[in-house]
Amino acid sequence: MKEELKEKILSAVEKKFPQVKELKDKIKVELPKEDRFGDLATNVAFLLAKPLRKKPLEVAQEIKPVLQEVKEFSKVEVAGAGFINLFLSEDYYRQVLERIIAERDRYGEAKEKNRGRVNVEFVSANPTGPLHLGHGRGAVVGNVQSNLYEYIGYTVEREFYINDAGNQIKKLGESVYARFRQIEEPDYPFPEDGYKGDYIKEIARHLYKYEREKILSMVDREQAVDFCAEFAKEMLLERIKEDLKLLGVEFDIWFSERKLYSSGKVEEALQFLKEKGLVYEKEGAVWVKTSLYGDDKDRVVIKSDGSYTYFAGDIAYHYDKFKRGYDFIVNVWGADHHGYFPRLKAVVMAFGVPEDWIRVIFIQLVKLFKNGQEIKMSKRAGKFITLRELVEEVGRDAVVYFFLTKDSNTHLNFDIDLALEKSAENPVYYVQYAHARICSVFREAKERTGFDPEKDFTADVSLLKEEAERVLMKYLSSIPDLIREAAEKQQPHKLTQITYRLASEFHYYYNHFKFLTTDDERLMKARLYLLKAVREALRTLFRLMGITPVERM
RNA sequence: GUCCCCGUAGCUCAGCAGGAUAGAGCGCGAGAUUCCUAAUCUCGAGGUCGGCGGUUCAAAUCCGCCCGGGGACACCA
């Protein structure tokens, strides 16, 4: 919406100052921070001041008359050092409300999914244990960012990379096998760096119950360990899927690291790099010249013992993604992988993709707080609160919302007490209550007046003359642009801010005005029409975040 | 040592591809309910935007240096 208006402003200004064309990208048209500065504000005059060698204020004065001719603007003011504040006409707001109600919970979403194909890879936890809070945050952020890409017109594939090769799985097998043996021989040694969580014992007990004979009959210990590993991996993967479902997160692609090796994709990718002259041997190992593409140094892909490094697998994995032809890809990673990005980016650049083809979103630590105290977790000792336990304790909506309150690249303190609180202090309840309140008003309307706002109806928006109503409509009109901005800047946490503000403006309105005035039916309908638009906007935001629009609280 | 992130109200943090008097929530103080859900709302106190320079009509935002906190720098995964 802002884009359309920006075009109108530009073409109007262009008649007077053709130079404005070159400044197009720098010109801003946005919601001013204070209400008295109008519905939209633009900085054109500041930008034109330099080439015209005039003061911004003068330029603004000269632009004012041309903008006054644009029919969408009811008033044009010059303020400050040269800001141009624009007030939108009633007719414009009528269109906004009509559009919201027509588009329902997809308000402002791109109609055509023709911007391209995107791959978002996230969670990608080792199938060696239950998901922890960091994974949960990554799951929510990755999923919501995917929703945002869809909102702005991309087709998105959500992918989970299963690290089912290598030492971690081996260790998993050893751990389960040891627990299995301990059932009969309590002194059977447990591997020093094994997984100590109780879930390992559970898996062992399960195996003992159903596969005891089979495992004990295996002569080769390795074989038994592999069997345990495979079984445990499958079981844990199933559990991971369930945990993700609890958060409302589902994947399109489950990509197995092991298949990458067994299908020869690693050789294929390395061959590709070799043909480009980017591979060489040194000190008995095979290296890739990542330093040519911005990495600090070259990296080993085949160790001197002949085995592949983890990096080799990742090269192959990304070569595969490259060949799938995405317009760009996004990796959601734990922030501890920060230092790993330059080398991966380097090798991907070597494939010959554009600079921003591979993007990364880092997820920082989540710390849990209860009764004002941090709950310390130790994975090594097997003492930690799982994602599932947290969801069971505070509920899915709270978990999702809290994970989205901060930029994913900053540490997050998750306050369990706050998440459980049923009051204004809890932002989840605050925003959900806004939605429930509107539903409640609608029920009451039908009850009292017989008029059912749930059904389609029209209203005379021009009757909405209160300041609070204009403020609300103004904010509603800017929401698609705000969502788009969140999508493009890869900042899904902005959704909670947008939602909170909308809820806040609604609560204010609710507390200061009556909607069910029987003496003026036209005004009542106009107000209910506005509420309906607010509700659809809330539903749009809830849908993007994956939060339930509760109808009663 | 090299590189990255962070430093904004008592606390937790927004804002940072420059724009108007730096925001929110919590906490603290004072209020609002004969009326559609008070799970709400209103008002108030509270700031050298870590420090010093620079660029600019304009700097919390961009650049440089410094101070403080965290992290990354494997023939690990």
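Look up a bit, the structure's there.
No experiment lies behind these values; they were computed from the predicted model shown.

(A) Fine view of the pairing of strand β11 (residues 328-334). Within β11, 6 of the 7 residues are buried, leaving the element largely enclosed by the surrounding structure. Taken together, the 4 bridges between strand β5 (residues 116-121) and β11 define a ladder with parallel strand orientation. Looking across to β11, one finds that Val120 is bridged to Val330. Where β11 lies against strand β12 (residues 358-363), 6 bridges are found, and the strand directions are parallel. Along β12, the bridge assignment pairs Val330 with Arg359. Tracing the backbone out of β11, into helix α12 (residues 341-350) and back to the parallel element β12 gives a crossover that is right-handed.

(B) Broad picture of helix α1 (residues 2-16). Helix length check: α1 (15 residues) gives 22 Å between terminal C-alpha atoms against 21 Å at 1.5 Å per residue, within 8%. All of the buried residues in α1 are Leu5, Lys6, Ile9, Leu10, Ala12 and Val13.

(C) Focus on unusual backbone geometry. Its identity as a non-glycine residue notwithstanding, Val123 has a phi of 65 degrees, on the positive side. Even without being a glycine, Glu283 presents a positive backbone phi close to 50 degrees. As for its position among the elements, Glu283 is in the loop between β8 (279-282) and β9 (285-288). A residue is classified by how much of its surface remains accessible, and Glu283, at 66% relative accessible area, is exposed.

(D) Molecular detail of the sheet that holds strand β1 (residues 29-30). As summarised here, the arrangement of the 4 strands in space is β1-β2-β4-β3, forming an open sheet in which the pairing is antiparallel. The open sheet has two edge strands, β1 and β3 (73-79), and neither has a second partner. Alignment of β3 against strand β4 (residues 83-88), held across 6 bridges, turns out to be antiparallel. Each residue of the ladder has a partner; that of Lys75, found in β4, is Phe87. Running over the sheet, helix α3 (residues 56-68) touches β3 and β4 and is turned about 175 degrees from β3.

(E) Up close: the protein's contact with RNA strand B. Inspection of the region around RNA strand B gives 60 residues, with Arg36, Phe83, Ala424, Tyr430 and Tyr433 positioned closest. Counted by atom, the contact set of RNA strand B within 4 Å of the protein is 62% sugar and phosphate. Contact between RNA strand B and Asn85: a base nitrogen at 2.8 Å from a side-chain N or O atom of the residue. Those elements that provide at least two residues to the surface near RNA strand B are β4, α6 (167-182), β10 (299-302), α16 (427-449) and α18 (494-512). Looking at the surface near RNA strand B, the element that brings in the most residues is α16, giving 9 residues.

(F) Inspection of the packing of aromatic side chains at higher detail. Under the criterion given, the structure shown has 37 aromatic pairs. For the ring pair Tyr509 and Phe515, a centre distance of 5.1 Å and an interplane angle of 50 degrees mean the geometry is tilted. With respect to burial, Tyr509 and Phe515 carry one shared label: buried. One aromatic cluster is present, built from ring pairs that chain together Tyr310, Phe311, Trp333, Tyr340, Phe341 and Phe362.

(G) Highlighting the nonpolar core. Counting 162 residues, the largest nonpolar core has Phe414 and Leu528 as the members making the most contacts within it. Looking at this core element by element, the count peaks at 14 residues for helix α19 (residues 521-545). Residues in contact with Leu528, not counting those within four places in the same chain, are Val441, Phe442, Ala445, Phe451, Pro453, Phe457, Phe515 and Leu516. Val176, Tyr177, Phe180 and Tyr195 belong to the second largest nonpolar core, which has 21 residues in total.

Thresholds, definitions, all that
- Residues numbered from 1 in each chain as written.
- Chains lettered and ligands numbered in written order.
- Predicted model: local features only at pLDDT ≥ 70, side-chain atom pairs only at ≥ 80, totals over all residues.
- Heavy atoms only, no water.
- Buried < 20%, exposed > 50% of the residue type's maximum accessible area, 1.4 Å probe, protein only.
- Helix = DSSP H or I, 4+ residues; strand = E, 2+ residues; numbered from the N terminus.
- Pairing = 2+ DSSP bridges.
- Right-handed = clockwise from strand over helix to strand, strands pointing away.
- Expected span 1.5 Å × (residues − 1).
- Contact = heavy atoms within 4.5 Å.
- Axes fitted to C-alpha atoms, helices over the stretch in contact; angles between N-to-C directions.
- Near = heavy atom within 4 Å.
- Polar contact = N/O pair within 3.5 Å; in protein donor to acceptor, adjacent residues only side chain to side chain.
- Phe/Tyr/Trp six-rings, centres within 6.5 Å; stacked < 30°, edge-to-face > 60°.
- Core = buried A, V, L, I, M, F, W, Y, C linked by side-chain atoms within 4.5 Å.

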